[in-house]
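Chain residues, written in single-letter form:
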Amino acid sequence: MRKLLQVFSPLLALLFLSMANAHQGHDHMPVTMKKAVEIALAAARDASFAAQPALGLPQLEQSWRDLPVGAAQIVENGRGYYLVRVENPSQTKVLQLKILLDGRVETASVSDL
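Basis of the calculations
- Every chain's residues receive numbers from 1 upward, in the order its sequence appears when written.
- For this predicted model, a pLDDT threshold of at least 70 governs which residues receive local features, and a threshold of 80 or more governs which side-chain atom pairs are given and counted, while totals over whole chains, interfaces and linings are taken from all residues.
- Side-chain figures throughout are based on the complete set of non-hydrogen atoms in the structure, without hydrogens or water.
- Note on conventions: DSSP H or I runs of at least 4 residues are helices, E runs of at least 2 residues are strands, and numbering of each starts at the N terminus.
- Using a 1.4 Å probe on the protein chains alone, a residue whose accessible area is under 20% of its type maximum counts as buried, one over 50% counts as exposed, and one in between counts as partly exposed.
- Nitrogen and oxygen atoms within 3.5 Å of one another constitute a polar contact, given that in protein one can donate a hydrogen and the other can accept it, and given that sequence-neighbouring residues count only through two side-chain atoms.
- Should any heavy atoms of two residues lie within 4.5 Å, those residues are considered in contact.
- Side-chain rings of Phe, Tyr and Trp, where Trp is taken by its six-membered ring, are said to pair if the distance between their centres is within 6.5 Å; with planes under 30 degrees apart they count as stacked, over 60 as edge-to-face, and otherwise as tilted.
- Cation placement over rings: the criterion is NZ of Lys or CZ of Arg within 6 Å of the ring centroid and within 35° of the ring normal.
- Here, strands pair whenever DSSP counts at least two bridges between them.

Caption draft 1: Here's a closer look at the side chain of N88. Its place among the elements puts N88 in strand β2 (residues 81-88). For N88, a relative accessible area of 1% translates into the label buried. Among the polar contacts made by the side chain of N88, one reaches the side chain of S90 at a distance of 2.8 Å. Residues in contact with N88, not counting those within four places in the same chain, are S63, W64, L67 and K93.

Shown next, in the form of structure tokens:
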């Protein structure tokens, strides 16, 4: 009986841990192109409220907050990432972001159109 408990206790613990990680809110699927565009627009909006030092972005102008979906486009679908370009015609600026397939923004830069 003691041997059975020693064998099955760790197995039960692993079973419960795997169920704990399988609840809602965890999306383990790779980011789609549509989602990459949404992430890019959200990053531009966030940078318009405050600088994003982790990405090396200064605080952007308020006009970045309300850009339409058409302002962002995928310019490269690389292995493991998307390169997304967000154009802000009112500022004549372009925000370029490298978005990994797990949804993280790896790099970002702002330049003139």
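Caption draft 2: The arrangement of the packing of aromatic side chains in detail. A full pass over the atoms with the stated rule returns zero aromatic pairs. Across from the ring centre of F49, 3.9 Å away, lies the NZ or CZ of R65, which sits over that ring. Between the NZ or CZ atom of K98 and the centre of the ring of Y81, over which it lies, the distance is 4.5 Å.

Caption draft 3: Local environment of the environment of A43. Relative to the elements of secondary structure, A43 occurs in helix α2 (residues 33-49). With 22 residues separating them along the chain, A43 and R65 place their C-alpha atoms 9.5 Å apart.

Caption draft 4: Main features of the pairing of strand β4 (residues 105-112). Of the strand pairs in this sheet, strand β3 (residues 93-100) and β4 are connected by seven bridges, and their pairing is antiparallel. For Q96, the partnering residue across the bridge sits in β4 and is S109. Counting the residues that bridge the hairpin from β3 to β4 gives four residues, and of these G103 lies at a positive phi of roughly 95°.

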